[in-house]
Amino acid sequence: MAAGASAWLLVHGYQARLEALRPVAGPAVPVAVAVRDLARGEVLVPGALRVVEVPARYAPPGAVPDPLAVSGRVLLA
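Fair warning: this is a prediction, and the values are worked out from it, not measured in the lab.

Rules used throughout
Residues numbered from 1 in each chain as written. Predicted model: local features only at pLDDT ≥ 70, side-chain atom pairs only at ≥ 80, totals over all residues. Heavy atoms only, no water. Helix = DSSP H or I, 4+ residues; strand = E, 2+ residues; numbered from the N terminus. Rg over C-alpha atoms; globule rule 2.2 N^0.38 Å. Contact = heavy atoms within 4.5 Å. Lys, Arg positive; Asp, Glu negative; His and termini not counted. Charge placed at Lys NZ, Arg CZ, Asp CG, Glu CD. Patch = residues over 30% accessible without salt bridge, like charges linked within 9 Å, V, L, I, M, F, W, Y side chains within 5 Å. Areas by Shrake-Rupley, 256 points an atom, 1.4 Å probe, with all protein chains shown as cover. Salt bridge = Lys/Arg side-chain N within 4 Å of Asp/Glu carboxyl O. Buried < 20%, exposed > 50% of the residue type's maximum accessible area, 1.4 Å probe, protein only.

1. Looking at the overall build of the chain
- When helices and strands are tallied, the chain shows one helix and two strands.
- In the chain, the succession of α and β elements from N to C terminus is α-β-β.
- The C-alpha atoms of the chain give 18 Å as radius of gyration, which overshoots the globular expectation for 77 residues (11 Å, by more than 25%).
- Reported as C-alpha extents along the three principal axes, the dimensions of the chain are approximately 55 × 30 × 20 Å.
- Counting only contacts in the chain whose residues sit at least 6 apart along the sequence, the fraction spanning at least 24 positions is 61%.
- The centroid of the 7 positive side-chain charges in the chain is displaced by 6 Å from the centroid of its 5 negative side-chain charges.

Okay, here's the thing in structure tokens:
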């Protein structure tokens, strides 16, 4: 019981710290990311990408929010 209570306190404290950082990191924005390693020259298909939510401050410049928007493009790098 003590171990369970300790685990709950640790998780609760971590969650509180994340909530306190939310204003600094900004709201969550959708970003399309690869589900596996992609080779240069590969054609992007919707199944090769998925959408994750990241804080706006940490989203890469030019990040694509919708995998369908880049479907059919060829990777150059």
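2. Some remarks on the environment of Ala 56
- Here Ala 56 is to be found in the segment after β2 (49-55).
- Sequence-wise, Ala 56 and Gly 26 are 30 residues apart; in three dimensions their C-alpha atoms are separated by 5.2 Å.

3. Considering a nonpolar patch on the surface
- A cluster of nonpolar residues, Val 43, Val 74 and Leu 76, forms a patch on the protein surface that exposes about 300 Å² of accessible area.
- By the element assignment, Val 43 lies in the loop between β1 (28-34) and β2.
- A relative accessible area of 44% means that Val 43 is categorised as partly exposed.

4. Looking at the environment of Val 11
- With respect to the secondary-structure elements, Val 11 resides in helix α1 (residues 2-25).
- Sequence separation of Val 11 and Pro 55 is 44 residues, and the distance between their C-alpha atoms is 20 Å.

5. A look at the environment of Arg 57
- With respect to the helices, strands and loops of the structure, Arg 57 is situated in the segment after β2.
- On a C-alpha basis, the gap between Arg 57 and Val 29 in space is 9.4 Å, while along the polypeptide they are 28 residues apart.

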